[in-house]
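Here is what each chain is made of, one letter per residue.
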Amino acid sequence: MSARRRKSTTKGTEDEQPASPPSSRKGKHKSTGQEGAGGKRPFRSCEKARCPAKKPICFAGSERCAGDGYTSRWYHLSAGEHFCNECFDYYYRSHRDGYKLMSAWKREWSSYGKTEANLKMYMVDEVMPYWVQCTVSGCLKWRMLPNDVQLSRELIQKYCCGMVQVGKQSINNDACNQEEDHRVEQTNDENWLTLLMNPPLLKNSPAAPYLQEYYPDGVGLSATCKVATMGVRGGLSDEHSEDLHPYFQPFYQPEENGKALCVRPDVMEYDEVQEFPEFAREQQMYLGLRNLALALWNTNYKKVVTVEMCVEHLIVRGLVRIVCSRYLKVFLAFLTKKGLVNSGLMQNPHLIKDIIAENSKPDSVIIIGAGPSGLAAGRQLQNFGANVTMLESRNRIGGRIWDDKSLGVCVGKGAQIVNGCINNPIALMCEQAGIKMRKMHIRCDLVEEDGSVTDTTVDKRVDFHFNAMLDAIAEWRRDNENKLDDLSLAKKLQEMHETFIEETSLKFTAKEERLFQFHISNLEYACGCDLSKVSSLYWDQNENFAQFAGDHTLIEDGYMAVINKLGDGLDVRLNTAVKSIDYTGKDVIVQTDDGKTFKAQKVLVTVPLSILKRNLIGFKPALPTRKQEAINCLGAGIIEKIGLQFPSRFWSKKVIATDYFGHIPPAVDKRGMFSVFYDMTPPVRYLDYCLKCILISLFIL
């Protein structure tokens with residue numbers, strides 16, 4: 001069942017039926033206890049198959065609790081946690097005091113949860129005691145808290161054996177010397193989780209504010225978690241809303257898809273199931289812990305998320321808290337290797353490498369190319385504990401990112417705009433380093449050759465027609481999937497356009513035809529080349545993958561501000577062009593143009609596609625055929641950028657409150673020449689006269 005909110009009904013189960021009272025009739029009960037003197041049974045073992053508890057102890061402690069004595073039935077919750085039939089009656093019978101407590105809880109749980117609100121769930125959520133680990137060095141034993149003591153983050157951080165309230169008791173060496181409860185050792189059994197009756201549902205998890213639109217118990221949270229149900233209760237408080245950064249959205253909301261670096265909070269991803277198949281069937285435990293770690297990272301992305309930090313927020317009753325704390329290490333290592341946490345500009349290798357398993361990383365890596373991808377990989381691998389050496393043929397880092405400040409403001413010769421900031425690693429690094437991003441307006445006025453601004457009504461009409469042509473191409477592609485001859489996108493667009501005009505008898509004005517050419521040029525800019533070189537079958541294949549959504553922003557100080565931060569502390573050898581890579585032996589041998597030799601266990605090649613196409617680096621043995629075919633099939637276009645400085649911001653009288661505007665081509669052969677102008681004037685640009693009034697534009701070669 002989906003974790004998305006919907007009305008649900010609940011039914012009673014066998015677990016809520018009370019055990020029958022002891023009967024004198026022969027054969028009524030099968031004895032599972034040990035016979036004592038006079039035929040009396042001093043205790044009764046748990047009837048759950050494979051449960052190791054031969055003499056269970058009731059944790060509930062009601063007024064007639066059997067404790068560790070005899071009861072007519074034990075109710076099993078885990079290998080070390082049971083409650084007796086007397087405590088069952090206390091909460092189940094309507095004339096008993098516990099019934100009111102159970103009923104109030106049941107009403108709340110049924111209002112916000114999707115799972116059944118039965119007595120076992122109540123015991124797990126409200127009655128079962130908490131377990132906490134002693135923080136004293138040399139002790140670290142797990143202790144069970146009294147039933148009436150609530151677990152808090154502060155208590156977890158400062159707890160020592162014998163303490164029940166923070167600050168009420170100092171370190172007690174005698175308490176630390178006491179033996180650890182034998183049930184703690186039982187949790188190490190690989191089959192312990194198979195005997196767990198109810199999954200752990202976390203209280204007060206940092207993930208709760210992100211998951212207002214889901215059933216809490218469908219995403220690993222308790223249905224009585226107040227923060228998790230604030231969306232239904234009237235909305236998040238300001239206290240919780242302030243912690244949510246608009247650019248960091250780790251979870252999909254219901255019915256949402258296609259957003260990069262997001263996960264479904266209510267179901268495991270494919271690679272998670274492959275990594276942790278033991279949780280594929282019952283996923284709540286994994287989801288609760290994974291969602292907790294992701295939320296901690298996205299609310300405090302300048303600190304390494306450690307196991308200890310996660311455990312501080314792990315509020316769940318029962319022995320399962322001990323098991324969760326152990327699993328957090330492997331879950332967090334997986335999320336870190338995947339880049340969902342502890343990424344970006346983090347420079348804490350001593351913390352991060354402790355998270356990563358020693359056998360999961362190479363000791364030495366050579367990275368060829370110190371552009372953004374090479375530097376990002378180098379930073380991450382170094383944080384994982386690898387010895388990284390980077391070889392760069394140029395005399396600088398950054399690759400195609402290269403800033404120019406000769407006009408008095410930063411103009412990126414390469415990238416400068418962050419397209420879609422939500423979960424974008426560039427936006428993350430800017431936030432981590434305190435690098436300012438300027439949000440760009442979405443309005444884009446279109447200007448004719450004579451300086452007149454196009455009527456927005458006409459622009460919207462042609463824009464609608466252009467997108468309709470692309471939709472028609474997509475439909476044509478679907479209808480003829482198995483018998484298609486590929487055509488260039490330019491030819492197919494023109495064909496669809498002419499067919500439309502012929503079938504509708506509509507005529508485009510000269511201005512509308514020029515507008516149509518502008519939209520084609522805009523698509524050519526997105527594709528990086530003339531549409532005559534773009535496949536009509538595969539031009540939009542990137543849309544099969546999640547995209548970065550949200551604001552488009554301008555890095556005013558330039559991308560190099562980010563790149564320089566990313567390269568801090570890395571061993572980058574500049575002016576070192578690689579000639580060959582020999583990976584025939586155990587170690588990979590890299591030869592450079594100046595005769596130097598480097599060896600490592602692994603080599604990561606991050607050079608531009610054009611270098612690989614021109615075979616400037618030799619591989620021994622040759623690259624696999626499939627890789628060579630991919631290199632030969634891929635293309636890369638060339639876009640030139642030009643920056644212009646003016647004595648005044650004259651365009652402000654034509655285009656208002658926007659960061660860019662379009663230029664409609666005067667003729668088809670001029671399409672793509674300076675089709676968009678970006679206003680790079682600094683924040684004082686609203687003064688029409690400024691010594692730094694800058695426009696940059698682009699054209700495709």
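About the cut-offs
- Residues numbered from 1 in each chain as written.
- Predicted model: local features only at pLDDT ≥ 70, side-chain atom pairs only at ≥ 80, totals over all residues.
- Heavy atoms only, no water.
- Core = buried A, V, L, I, M, F, W, Y, C linked by side-chain atoms within 4.5 Å.
- Buried < 20%, exposed > 50% of the residue type's maximum accessible area, 1.4 Å probe, protein only.
- Contact = heavy atoms within 4.5 Å.
- Pairing = 2+ DSSP bridges.
- Helix = DSSP H or I, 4+ residues; strand = E, 2+ residues; numbered from the N terminus.
- Axes fitted to C-alpha atoms, helices over the stretch in contact; angles between N-to-C directions.
- 1 Å grid on protein atoms, 1.4 Å probe; cavity = no way out; pocket = protein on both sides within 12 Å on 5 of 7 lines; lining within 4 Å.
- Points joined across faces, edges and corners; volume = space filled by probe spheres on them.
- Nonpolar A, V, L, I, M, F, W, Y, C, P; charged D, E, K, R; others polar.

Next up on the list: the nonpolar core. In this structure, L211, Y286, L289, L335, L375, M437 and I555 are the most contacted members of the largest nonpolar core, which totals 90 residues. Excluding residues within four positions of it along the chain, L375 makes contact with A370, M390, I397, G398, I563, L566, G567, L570 and V572.

A word on the sheet that holds strand 14 (residues 578–582). Strand pairing in a sheet takes place through backbone hydrogen bonds and is either antiparallel or parallel in direction. The four strands lie next to each other as 16-15-14-18, forming an open sheet whose pairing is mixed. Of all the strands in the sheet, the pair left with one neighbour each is strand 16 (597–600) and strand 18 (618–620). Here the average twist between neighbouring strands, direction ignored, is 20°. Looking at chain direction, strand 15 (residues 588–592) and strand 16 are connected through four bridges and run antiparallel. Bridging across to strand 16, I589 finds its partner in K599.

Pairing is parallel in the open sheet, where four strands are placed in the order 13-6-5-17. This sheet does not close on itself; its edge strands, each paired only once, are strand 13 (572–573) and strand 17 (602–605). Bridge count for strand 5 (residues 364–368) against strand 17 is four bridges, and the pairing is parallel. Bridged to I368 within strand 17 is V605.

Put simply, the second largest pocket is a space of about 780 Å³. Lining the second largest pocket are 27 residues; nearest its centre among them are P199, R281, E282, Q283 and Q284. At three residues, the largest contribution of residues to the lining of the second largest pocket is made by helix 10 (residues 284–299). Residues belonging to the lining of the second largest pocket are distributed by class as follows: 13 nonpolar, seven polar and seven charged.

A full pass over the atoms with the stated rule returns five cavities of 30 Å³ or more. There is about 90 Å³ of room inside the largest cavity. Around the largest cavity sit W109, M121, V124, D125, P199, P200, L201, K203, I315, V316 and R317, which together line it. The class makeup of the residues in the lining of the largest cavity is eight nonpolar, no polar and three charged.

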